[in-house]
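Reading the structure
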Amino acid sequence: MHIKARAPQPPLSPLPRIRNIIAVGSGKGGVGKSTTAVNLALALAADGARVGLLDADVYGPSVPMMLGLSGRPESPDSKHIEPMRAHGIEAMSIGFLVEADTPMIWRGPMATSALTQLLHDTLWGGDAGLDYLLVDLPPGTGDIQLTLAQKIPVAGAVVVTTPQDVATLDARKALRMFEKVSIPVLGLVENMAQHVCSNCGHVEHLFGEGGGQRMAEQYGLPLLGSLPLERSIREQGDAGAPVVAASPGSPAAQAYVAVARRLVEELEKRPRAPVSIGASLL
Ligand SMILES: Nc1ncnc2c1ncn2[C@@H]1O[C@H](COP(=O)(O)OP(=O)(O)OP(=O)(O)O)[C@@H](O)[C@H]1O
């Protein structure tokens, strides 16, 4: 039987220089989504990957502070912008383009168009491109999150939750949101799972134990890992040198590295071509 050679297919992703875009979302604010996204990006880079981080959290862009970055990105041709660089990763944030104390009161369409522009106009990865671009989504599951998730060609999503969040419906709402836009959820990350005393190292499960695992089982999703609630994670994030960069040998940093490796494993189980969920909308 004669098999016709297939005609070359157009690339599925409108961003072919970025091999994998991973969205980091949460059902509600304050669960540590940005802290997790920043440290996961650094952990992937520590394993040798070329990594970028897009801060899409229009309501509270915290990536510049967490990476110790300030100032404005440069534009070589007044059409594109150079990403900012810190601790071996690239970053772009709406926070670089507005004054720090400007409240973000944009309506949905303005926010999403500014963010998709940032995604497309940033010169990610120079000539070599990026292995991973993590997108720190705004907290919650409203219209902005939904539209963004649709407009960005995401390969998969990670949902960050706390043990209390698991007990409520918030994290489940985030799962449903990704399901609605056919974005595969690569797994759950349980943040602030146990408190480690900074004096004596005593470990306490302040918010109960096993909630993340139970939820993961209920939804048939992997639990990518549980991260400790530790003073150093907050302090180093506030100081612009997140724990994975500042104390790479610490148990907290190792916990992020373990989650990052599990994330890559899950991603590699998926079909290679990035899911171009939003391609028709772009
Ligand atoms: N594992 C942790 N241990 C200690 N502090 C943490 C941890 N994770 C996050 N934090 C702290 O909790 C606060 C909220 O974290 P973060 O800003 O990452 O949350 P978020 O979910 O992105 O919030 P937002 O809804 O404002 O975007 C920050 O002060 C951060 O330093």
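Each residue is numbered by its place in its chain's sequence as written, counting from 1. With pLDDT at 70 or above as the cut-off, local features in this predicted model cover only qualifying residues; side-chain atom pairs require 80 or more to be listed or tallied, and sums for whole chains, interfaces and linings still use all residues. To obtain the side-chain values, all non-hydrogen atoms of the structure were included, while hydrogens and water were left out.

**Comments concerning the environment of P139**
In DSSP terms, a helix is any run of H or I states spanning at least four residues, a strand is any run of E spanning at least two, and both are numbered starting from the N terminus. Relative to the assigned elements, P139 resides in the loop between strand 5 (130-136) and helix 4 (143-151). Each residue is placed in one exposure class: buried if its accessible area under a 1.4 Å probe, protein chains only, is under 20% of its type's maximum, exposed if it is over 50%, and partly exposed if it falls in between. We classify P139 as partly exposed; its relative accessible area is 24%. Taking the C-alpha atoms as reference, P139 lies 8.5 Å from Y59; in sequence the two are 80 residues apart. For this analysis, residues touch if any pair of their heavy atoms sits within 4.5 Å. Residue contacts for P139: discarding those within four places in its chain leaves S26, K28, G29, K33, D57 and Q145.

**Regarding the UniProt feature "binding site: ATP" (unreviewed entry) in the protein**
UniProt positions are given in the numbering used here, feature names are shortened, and annotations may be inferred rather than shown by experiment. Feature annotation in UniProt places "binding site: ATP" (unreviewed entry) on G27, K28, G29, G30, V31, G32, K33 and S34, given in this structure's numbering. From the set just named, the residues that line the second largest pocket comprise G32. Within the secondary structure, G30 sits in the loop between strand 1 (18-26) and helix 1 (33-46). Inspection of the secondary structure assignment puts S34 in helix 1. Given the relative accessible area of 8%, S34 is considered buried. Beyond its immediate sequence surroundings of up to four residues, S34 is in contact with D57, S62, M66 and D136. Any residue with an atom within 4 Å of a point lines the site, the site being either a cavity, points on a 1 Å grid over the protein atoms alone where a 1.4 Å probe fits but cannot get out, or a pocket, an open set with protein on both sides within 12 Å along at least 5 of 7 lines.

**Examining the pattern of salt bridges**
Take a side-chain nitrogen of Lys or Arg and a carboxyl oxygen of Asp or Glu: if they are within 4 Å of each other, that pair is a salt bridge. Here the structure, examined in full by the defined rule, presents 13 salt bridges. For the salt bridge of D57 with K33, the shortest nitrogen-to-oxygen distance reads 3.4 Å. Pair noted here: D57 is in the loop between strand 2 (51-55) and helix 2 (63-66) and K33 is in helix 1, with a separation of 24 residues, a long-range link. We note that D57, like K33, is buried. Across the pair K173 and D170 runs a salt bridge whose closest N-O atoms are separated by 3.8 Å. Here K173 and its partner D170 are both found in helix 6 (residues 170-180), three residues apart, which amounts to about one turn of the helix. Judged by relative accessible area, D170 falls into the buried class, the value being 16%. The network of salt bridges with common partners includes R262, E265, E266 and K269.

**So, the side chain of Q194**
Topologically, Q194 is positioned in strand 7 (residues 185-196). Those residues within four positions of Q194 in sequence are excluded, and the remaining contacts are V203, E204, H205, L227, P228 and L229.

**Some words on the pairing of strand 5**
For strand 5, a buried count of seven out of seven residues is recorded, marking the element as mostly surrounded by other parts of the structure. Paired strands, in this sense, are two strands between which DSSP finds at least two bridges. Across six bridges, strand 1 lies against strand 5 in parallel orientation. What sits directly across from I18, in strand 5, is L130. In the sheet, strand 2 pairs with strand 5 via five bridges, with the strands oriented parallel. Each bridged residue has a counterpart across the sheet, and for L54 the counterpart in strand 5 is V135.

**Digging into helix 8 (residues 231-238)**
Residues separated by three or four positions in an α-helix point in the same direction, a consequence of the helix having 3.6 residues per turn. All of the buried residues in helix 8 are I233, Q236 and G237. Along the axis of helix 8, the buried residues cluster in a sector spanning 100 degrees; they form a single face. Contacts made by the buried residues of helix 8 are with helix 1, helix 2, strand 9 (223-229), helix 9 (243-246) and helix 10 (251-269). Of the residues flanking the end of helix 8, it is G240, one or two places downstream, whose phi is positive at about 85 degrees. Taken from the helix axis, the directions to the C-beta atoms give the arc we talk about.

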